[in-house]
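Residue-level structure breakdown
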Amino acid sequence: MKVEAKLEYQPSTAPKTGADLLIDLLKKAEVDTIFGYPGGAVLPIYDAIYRARGTINHVLFRHEQGMIHAAEGYARITGKPGVVIATSGPGATNLVTGITDAMMDSLPLVVFTGQVARTVIGTDAFQEADVMAITTPITKHNYQVQSIADLPRIVKEAFHIASTGRPGPVLVDIPKDISSEVLAGEPEEASIHLPGYQPTIKPNPLQIKKLADVIQKANKPVVLAGAGVLHSQASAELTAFAEKHKLPVVTTLLGLGTFPGDSSLSLGMAGMHGTYAANMALYECDLLINFGARFDDRLTGNLKHFAPHAKVAHIDIDPAEIGKNVATQIPIVADAKVALIELNDQTAESPTHDAWLERLNYFKHDYPLWYKHNPAGMSPQWLIEAVHKVTNGNAIVATDVGQHQMWAAQYYTFKQPHRWITSGGLGTMGFGFPAAIGAQIASPESTVVAIVGDGGFQMTLQELSVIYERNLPVKIIIVNNGALGMVRQWQELLYDNRISESLLHTQPDFVKLAESYSIRGIKVDNQEDLIAVLPEVFTYDGPVLLDCRVFQQEKVYPMIAPGKGLHEMIGVKPS
């Protein structure tokens, strides 16, 4: 049931304020949705939202962390900046985790925070916090508006910076006296003049030619596809490039979906819980072509053993990432899509590497992902496969962080881009459910699944109000093992089975919890019941919470232990 507030529209005859100007600027920026929570310092802005109702969609969340993760999910699916409004002080500081998450995963956000009036900034006024100092290290850029005349320029620059080059969050701090100030007249049209910010889009043609020549001579080439391919909308170009030269493709966690997972050239995800074939391809290759991945530690393992025999080409729009972690012989600063278009235009011959492809196929077929099937209960891996089957692999999947995240990455094969939403760099528990809400708002016709753990879900479950209020048909799959599963796994394997505070002995009744929000809830604890109920869950026209009781002791394999190299995986085959 959708709940709507019954408010009669009353045209305002009040003079136009800074807040009204802000709403006008958001409309000019083609903002269709605001994720927000009101408070004292943003009351003038919410008054302007009231006056503008019907022309812009505002979604009221129940906690600032929930709304900023929703904005991240929206940004991940649309490629447009997610727009957030929060009040000063605690409202702003509650956004810090989400801002950091977006910064690490290169998601475009424009975050508007209220601030106390300029006359009392620095006096420890009620709900005052130095948001500029707090967010400087975790934003691509931040502003504090000092004059209403600067607002058009700042807003225009904020959207430009957030969505160009390497995307990221931009924060705009607006003192309350600015948003309530009456405009003296129509503001001038703002223009963007940022001489110090000019991202390099086009690659150096000599470097493109050099890479094309090296590809011809490679015996063991491999492509590494990261989230930069998604941000540049370059999946089609990447697929054409790989198929043209018969290049095997490995993806990062955030790069899942950049290349069809069911392609014969796909080796799957690499890294700590990547496939044996993907990790061995990176270990044995003689040419590594990286498109839009940042060589983070969960991908590389011990750097001494990462691609030790390879010449490395790194294509990235952020020059700071090239050579930061891995020595690079062919650096190419460019947008991934533009670089791939130019590479595909090269007339270079494809390399002959049939023996290499045969070896990788051997790895794929002889060392596949595995788990022990036990129909007496429910294996979490089997659960993910069942969700994949019922959705035909076409759902938008958002996850929290932990074991369920890795199982989803391993067993939900993505055939197309922009279907995978997860917290990669920061690893934020509580991310998955609100991110799924943002994705559903961004793509109303899509099937959206939040695959979450019983631990992380309890960090942002209050947003159940939002999916009921808006009748958003998000399907919530709780992989319930009664534990902080990944913490427990590490304690078992690396801390001599000293299980310290990672078991959740007391849990809510998740079905009754869902029902208390007027949402349908179902509990299953075996395969037979899941098979019976899953089709109904996904045909039901509304939100559903499915509490899936899985084996607690299950582990994510394969695994690269901290300090080990890609070739030193454990759990590659059943013991």
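You'll find the structure just up there.
Residues numbered from 1 in each chain as written. Predicted model: local features only at pLDDT ≥ 70, side-chain atom pairs only at ≥ 80, totals over all residues. Heavy atoms only, no water.

Further remarks concern the overall build of the protein. Along the protein, the regular secondary structure elements total 23 helices and 18 strands. Taken over C-alpha atoms, the radius of gyration comes to 25 Å for the protein, in line with the 25 Å a tight globule of 575 residues would show. Oriented by its inertia axes, the alpha-carbon framework of the protein measures out at about 75 × 60 × 40 Å. Distance from the positive charge centre (46 side chains) to the negative charge centre (59 side chains) of the protein: 4 Å. (Helix = DSSP H or I, 4+ residues; strand = E, 2+ residues; numbered from the N terminus. Rg over C-alpha atoms; globule rule 2.2 N^0.38 Å. Lys, Arg positive; Asp, Glu negative; His and termini not counted. Charge placed at Lys NZ, Arg CZ, Asp CG, Glu CD.)

Tyr557 connects to Pro558 through a cis peptide bond whose omega is -5°. One can find Pro558 in the segment after strand S18 (544-549). Unlike most non-glycine residues, Asn471 shows phi in positive territory, near 50°. With respect to the element layout, Asn471 can be found in the loop between helix H20 (464-469) and strand S16 (475-480). Residue classification places Asn471 among the partly exposed residues on the basis of a relative accessible area of 30%. (Buried < 20%, exposed > 50% of the residue type's maximum accessible area, 1.4 Å probe, protein only.)

For the rest of this paragraph, the subject is the packing of helix H16 (residues 380-390) against helix H17 (residues 403-411). Packing of H16 against H17 leaves a shortest axis separation of 9 Å and a crossing angle of 50°. As far as their axial angle goes, H17 and H16 are oblique. For the crossing formed where H16 meets H17, the hand is right-handed. On H17, the residues touching Pro380, Gln381, Ile384, Glu385 and His388 of H16 are Trp407, Ala408 and Tyr411. Here the contact of H16 with H17 is composed, by residue class, of five nonpolar, two polar and one charged. (Axes fitted to C-alpha atoms, helices over the stretch in contact; angles between N-to-C directions. Parallel < 35°, antiparallel > 145°, perpendicular 65-115°, else oblique. Left-handed = near helix turned anticlockwise from the far one by under 90°. Contact = heavy atoms within 4.5 Å. Nonpolar A, V, L, I, M, F, W, Y, C, P; charged D, E, K, R; others polar.)

What describes two packed helices is the angle between their axes and the distance between those same axes. Their axes nearest at 6 Å, the elements helix H3 (residues 64-78) and helix H18 (residues 432-442) cross at an angle of 45°. Put simply, H3 runs oblique to H18. Seen along the crossing, H3 lies across H18 with a hand that is right-handed. Where H3 approaches H18, its residues Gly66, His69, Ala70, Gly73, Tyr74, Ile77 and Thr78 are matched on the opposing element by Pro434, Ala435, Gly438, Ala439 and Ala442. In terms of residue class, the contact of H3 with H18 is made up of seven nonpolar, five polar and no charged.

Of all hydrophobic cores here, the largest spans 50 residues; its most connected members are Phe35, Phe433, Phe457, Ile467 and Ile476. When residues no more than four places from it in sequence are discounted, the contact partners of Phe457 are Asp400, Phe433, Val452, Leu464, Ile476, Ile478, Phe510, Leu513 and Leu545. With 37 residues, the next largest nonpolar core counts Leu383, Val387, Trp420 and Val449 among its residues. (Core = buried A, V, L, I, M, F, W, Y, C linked by side-chain atoms within 4.5 Å.)

A word on the packing of aromatic side chains. Pairs of aromatic rings are described using the distance from one ring centre to the other and the angle between the two planes. Evaluated as defined, the whole model comprises 14 aromatic pairs. With 5.9 Å between their ring centres and 50° between their planes, Phe35 and Phe61 make a pair best called tilted. With a gap of 26 residues between them, Phe35 in strand S1 (residues 33-36) and Phe61 in the loop between strand S2 (57-60) and H3 connect regions that are remote in the sequence. Taken individually, Phe35 and Phe61 each receive the classification buried, so the pair is uniform in this respect. Each residue in the set Tyr276, Tyr362, Phe363 and Tyr367 is aromatic and connected to the rest through ring pairs, giving one cluster. One cation-aromatic arrangement involves Arg520 over Tyr540; the distance from NZ or CZ to the ring centre is 5.3 Å. (Phe/Tyr/Trp six-rings, centres within 6.5 Å; stacked < 30°, edge-to-face > 60°. Lys NZ or Arg CZ within 6 Å of the ring centre and 35° of its normal.)

A cluster of nonpolar residues, Leu493, Leu494, Tyr495 and Ile570, forms a patch on the protein surface that exposes about 330 Å² of accessible area. Residue position: Tyr495 is located in the loop between helix H21 (485-494) and helix H22 (510-516). (Patch = residues over 30% accessible without salt bridge, like charges linked within 9 Å, V, L, I, M, F, W, Y side chains within 5 Å. Areas by Shrake-Rupley, 256 points an atom, 1.4 Å probe, with all protein chains shown as cover. Salt bridge = Lys/Arg side-chain N within 4 Å of Asp/Glu carboxyl O.)

Taken residue by residue, a regular strand's side chains alternate between the two faces of the sheet. Across four bridges, the pairing between S1 and S2 is parallel. By the bridge assignment for S2, Gly36 is matched with Leu60. Following the backbone out of S1, through helix H2 (residues 43-51) and into the adjacent parallel S2, one traces a crossover that is right-handed. (Pairing = 2+ DSSP bridges. Right-handed = clockwise from strand over helix to strand, strands pointing away.)

What follows concerns the pattern of salt bridges. Think of it this way: side chains of opposite charge can pair up when their charged atoms draw near. Taken as a whole and judged by the stated rule, the model has 21 salt bridges. Linking Asp47 and Arg51 is a salt bridge whose minimum nitrogen-to-oxygen distance equals 2.7 Å. Here Arg51 and Asp47 lie together in helix H2, a separation of four residues that amounts to about one turn. In this structure, the salt-bridge partner of Asp318 is Arg166, at a minimum N-O distance of 2.9 Å. A residue pair is termed long-range when its members are at least 10 positions apart, and Asp318 in the loop between strand S11 (311-316) and strand S12 (330-333) and Arg166 in the loop between helix H7 (151-163) and strand S6 (169-175) qualify at 152 residues.

Ordered by their spatial adjacency, six strands build an open sheet running S9-S8-S7-S10-S11-S12, and the pairing between neighbours is parallel. Looking at the sheet topology across the chains shown, the edges are occupied by strand S9 (266-269) and S12. The average undirected angle you get between the axes of adjacent strands in this sheet is 15°. As defined by bridge partners, strand S10 (residues 287-291) adjoins S11 across five bridges and the pair is classed as parallel. Bridge pairing links Leu288 to Val312 in S11. Running at roughly 135° to S12, helix H9 (residues 205-217) makes contact with S10, S11 and S12 of the sheet.

What follows concerns the side chain of Thr428. Summarising the element assignment, Thr428 is placed in the loop between strand S14 (420-421) and H18. If sequence neighbours within four positions are ignored, Thr428 has contacts with Gln65, His69, Thr97, Asp101, Val401 and Ser423.

The next thing to look at is the environment of Val487. Along the chain, Val487 falls in helix H21. Along the sequence, Val487 and Ala117 sit 370 residues apart, while their C-alpha atoms lie 45 Å from each other.

Attention now goes to the environment of Gly79. Inspection of the secondary structure puts Gly79 in the loop between H3 and strand S3 (82-86). Residue classification places Gly79 among the partly exposed residues on the basis of a relative accessible area of 40%. Contact partners of Gly79, with chain neighbours within four places excluded, come to Tyr74 and Pro108.

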